[in-house]
Structures are given as structure tokens and as C-alpha cells.
Amino acid sequence: MTATERTRPVAVDTVVTGEWIITLNPDREIYRDGAIAIAGGVIAEVGKRDAILAKYQPATLIDEPRSIVIPGLVNGHRHLLCCAKGAMPEGGQTLSALRQFIYPSFAALTEDDMAIYARHAAAEMIRFGTTLFEEPGCNHLDAVLEALAASGIRARTGPWTWDQAGPAGADGLPDWLAMDADAALERLREGIHAVRKFGHPRILDAVTIEGVGTCSDALNRGAADLAREYDSLFVLHKSTSQAEVELELRVFGERPVAHMDTIGALHDRVLLNHMTSLDEHDVEVIRASGARISQNPTSALKLAKGTTQTGKWKELAAAGVPMALGTDAENVSNHTDICRAMQLAALLPRDATRDPNAISAEQALEMATLGGATALRMQDQVGSLEPGKQADIVVFDTDNFDLRPLHNPVANIVYGSTGHSVDTVLIGGEIVLRHKALTSLDEQALRRDVEAINRRVLGEIGIAPLPQWPIR
Ligand SMILES: [Zn+2]
């Protein structure tokens, strides 16, 4: 090798710099004045800024030397099949809200609506730093796949599925997508085939059933088996309220988690959403099964699920259960900002246990990134900033009251940031947000279109959301 060859910079697509690069690599290293080199959508190297800039010649340099850079945020539970942020009547709890507002609004959405909702949701998530999300069952799957592929976001999804033969009975459920267990399992299988045939590298399949008292044991067991057969992820809502637990105790004589275990539907390819009503035995059953969880703190609080009384978040974390953070449907959270979920994930368990060390800031940031990727069984591809992983990267603008003064970047991000501080986002090396502007989606047009759909759907289901105070 000649001297010239030794010193010639290596050509890469992109280099991203930051004041703090929080890697979440196996040693949890943080680089102060660091940089990331990216080639072919994949991280080539993470290191000190001077060394990376000396070694690599990037086609694009994202030079943000005052920023905090973290792996892409993961939303472990975000419905696309949902309607009308802020439209859900106030005062609803899980079981009543589902049957009076959520299911009817789902049923009203057309294929064109779903395509627009999917693009709008992706736009909002990307704007706030989410690079990967789990969609727990949508309708018009083909339209959703097209929309997500065009948006640049990474996702796992499948078709909305139930057989309306669960312990809660069929009373109050819409006719929409009513089918028996065999037909439901066929729909799930077709969903896997549809996603795989679509063949987009950023979109993976999931076996998605609803689960809150609406699905039979046969469907639960069959869905769990499908996830094994296809090496996929079985996603469902579970232990979402004390009322659900009491219902299953009445009908089955055991709690929801224990019942899933009894019927052979709990294993390491299962992602359980919500999980706000647990006991110590549930925690042990989940740990032993290898199942994963998405906790959705703002949804839990808004629907009064009792997450601080019966959530067991400290115990689940101590047991090493892979945990994602989610925001749930936009009408039960009114936002899709994982920064806000991260703050609550750190703080709620502390108040619940009166233990300021119940969940650390580092644990909360891990749930929002690598933990989420692990919960979605995608930790080999994303979740941390290390060579060989997909370049899913979030750059926070720190020149604001969220993040300055800046001494401990982990604490500032977890306690102080909101998604509005996200400045730049890369997904698989593609720049999808730069200086807070989306590169592939028209934010204003999507807002206009979504509001028009919402007005139509709310008219169809007879809901007019307004404040309780007189409007003159
Ligand atoms: Zn949900």
C-alpha cells in the first residue's frame, strides 16, 4: 500500500455529526463530539468527529456539532386504523370507549381514507423522531403498504382481525369485519402473504388480533401458531384494564396473561400491548415465556387504566422483559410523541413505588429505542447506532429551552425534550426530515385531507366533539 492510498478518504454516502452521540451499543458508549459514517443505508462506523471526518469523504455531510444524536425512536403501538385526534368523547374508559366510539369510527374508514391516514401518521411520527412503528391491525392493508412505503418510515403491520367470540361477547360490536375463527386465521395468513409479496425492505408482517375480550381461544392459539410458523410477531391488546381482568376471571377462572399461557398462546414471538393490570404471577409468566410488551403511558392515563396501581413496570424491567413505548391510536393519546411517552415511562413507576430509582433515565431512553426494536423482534436491524445496523438516526436541535443548559444529554432528552426538538431524521440512511421539514410528504396537504375525513366520519357515527364550556 502506498502512502497516498493510506491517507485517501473512504467515500461514503453520509456523515452525521453531533455534540453527543448516544449509541445504545452493547457497551452503551456515548461519543462526545462524535460522528457516524453511513454507506448504502447502513452504519459503517461510529466514532470521534475528528477521526470520522479524517477517514471518510461523505457525499452529504449533516454537520450539527451542537446536537444530540440518538437511534431512531420506536413506537410500539400506533394504530393507523383510527380517527379524529381529540374527537373521542371525554370520560370514556377502555371497554366503553372501544364499543361506543373506537370500533364505529374504524368501520367508517374507506380505502382512500386509510391511505391518507397512513401518510399523515407517518408524517407526524417522522416529524417527532419515530423511525419504526408497530401497527396493531389495519384495514385496506394494500393501500396502507403503498402509503407507508412512500413515506419512508419503517413498520410492522397486519390486518385488523377478530372473531367477536371472546369472553366479552359480541354485544355492542359492529358487523364490520365479523367472521369466525377459521376465516379470521385465513385473513391473518393472507395478511402475512400480502406484506411479503409487497416485499418492501422497511415493512415487515405481523399477526394482529384485537384481543380485548373480542377473540376466541381458538383464534388466540391459531394466531400464536401462525407467528411461529412464519417467524413473525403475534400482536394483541392484553390486560388493558382491571375490568378486562375481572371479566376473564369470571369467564375463564384465570387472569388474561395466565389464560394465554394455559391455552398455549404465549411465547417469545408475542407482543402484548398495554399490560396495565398485572400481578406478580403475570410478571413471572411473561418473563418465562419470553413475550414482549408495549406500554403506552399517555393512553393508559387518559383512559384511566390504573397503570400506576397495577402496571408492574419496575418489576417487568427488572425481569428483563423487552419493552417498547407506544402512543396508541391518536384519539386515545392525542399525540404520537415518543419523547412524551419516554418521560412518563421514567416517572410513573417512581411515583407508583415511591422509589426514585424505579426506572432510570437510561432505561427509559432504551425502551424508546433499542427496547422497542427488541420488542418488535427487529433488534438485529435497528435500535442502536453501531456498524452493520440500518442508519435510523434522530438528530435533536439543542438550541432551545427543552435541551439547554446541556450537561447530561440522557437526562435532558428523557425529562425535558418533546418531539418538536427533533431537527433531522434518517431512516435506512435516507434523509426523511431536515431542519424540521419533511422531505417526502406534504405536511399541510395531509393535515387538510385528514381533517376533511374526520369531519365526514364523525358525522357518520354521530359524534360532535366540543368543549363542555359554552361557545358563543
Ligand atoms: Zn391499540
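Residues numbered from 1 in each chain as written. Predicted model: local features only at pLDDT ≥ 70, side-chain atom pairs only at ≥ 80, totals over all residues.

Looking only at helices and strands, the chain has 18 helices and 18 strands in total. Dimensions along the principal axes, computed over C-alpha positions, put the chain at roughly 75 × 50 × 45 Å. Burial statistics for the chain: of 472 residues in total, 56% are counted as buried. Here the contacts in the chain between residues at least 6 apart in sequence split such that 74% fall between residues at least 24 apart. (Helix = DSSP H or I, 4+ residues; strand = E, 2+ residues; numbered from the N terminus. Buried ≥ 20, exposed ≤ 12 C-beta atoms within 10 Å, placed from the backbone. Contact = placed C-beta atoms within 7 Å.)

The next point concerns the pairing of strand β7 (residues 130–138). Two faces belong to every sheet, and in a regular strand the side chains alternate between them. Judged by how many residues are buried, β7 sits mostly within the fold: nine of nine residues are covered. When strand β6 (residues 73–75) meets β7, the two strands line up parallel, connected through three bridges. The residue bridging L73 from the neighbouring strand is T130, located in β7. Crossover connection from β7 via helix α5 (residues 141–151) to parallel strand β8 (residues 154–159): handedness right-handed. (Pairing = 2+ DSSP bridges. Right-handed = clockwise from strand over helix to strand, strands pointing away.)

That bond from R404 to P405 is cis: its omega, 0°, falls within 30 degrees of zero. Position of P405 among the secondary structure elements: in the loop between β15 (393–396) and α17 (409–416). The phi dihedral of N334 falls on the positive side, at around 65°, and the residue is not glycine. In this fold, N334 is placed in the loop between α14 (330–333) and α15 (338–353). Owing to 16 C-beta atoms within 10 Å, N334 belongs among the partly exposed residues under this scheme.

Next up on the list: the environment of R255. Locating R255 in the fold gives a position in the loop between α8 (242–252) and α9 (256–262). Looking at R255, the number of C-beta atoms within 10 Å reads 21, which means it is buried. Along the backbone, R255 and L325 are 70 residues apart, and their C-alpha atoms lie at a distance of 23 Å. Other than its neighbours up to four places away in sequence, R255 contacts V245, E248, L249, D279 and D282.

Often the size quoted for an interface is simply the accessible area lost on bringing the parts together. In terms of domains, the chain is made up of domain 1 (3–71 + 385–438) and domain 2 (73–375). Each side of the interface is counted separately: domain 1 has 21 residues, and domain 2 has 25 residues. With five residues, α17 is the single largest residue contributor to the side of domain 1 that touches domain 2. A breakdown of the residues in the side of domain 1 that touches domain 2 according to their chemical character gives 15 nonpolar, four polar and two charged. (Domains from an automatic or database assignment. Nonpolar A, V, L, I, M, F, W, Y, C, P; charged D, E, K, R; others polar.)

Time to look at the pairing of strand β12 (residues 270–274). Most of β12 sits out of view: five of its five residues are buried. The pairing of strand β11 (residues 234–238) with β12 spans five bridges and is classified as parallel. Looking at the pairing, K238 lines up with H274 of β12. Each parallel crossover has a hand, and the one from β12 via helix α10 (residues 280–289) to strand β13 (residues 292–295) is right-handed.

As a rule of thumb, soluble globular proteins bury nonpolar side chains together. Counting 140 residues, the largest nonpolar core has I36, A118, V207, F234 and M342 as the members making the most contacts within it. Counting residues per element, this core draws most heavily on helix α4 (residues 111–127), which supplies nine residues. Each of domain 1 (3–71 + 385–438) and domain 2 (73–375) gives at least three residues to this core. Setting aside anything within four residues of it in sequence, one finds M342 in contact with L325, A364, L365, A368 and V414. (Core = buried A, V, L, I, M, F, W, Y, C linked by C-beta atoms within 7 Å.)

Let us look at helix α16 (residues 361–375). Side chains three or four residues apart in an α-helix point the same way, a direct result of the helix having 3.6 residues per turn. Taking the largest bend as the criterion, α16 deviates by roughly 50°, centred on M367. Of all the 15 residues making up α16, 13 are buried; the element is thus mostly covered by neighbouring parts of the structure. At the exit of α16 stands R377, carrying a positive phi of roughly 60°. (Bend = angle between axes of the 7 residues up to and from the residue.)

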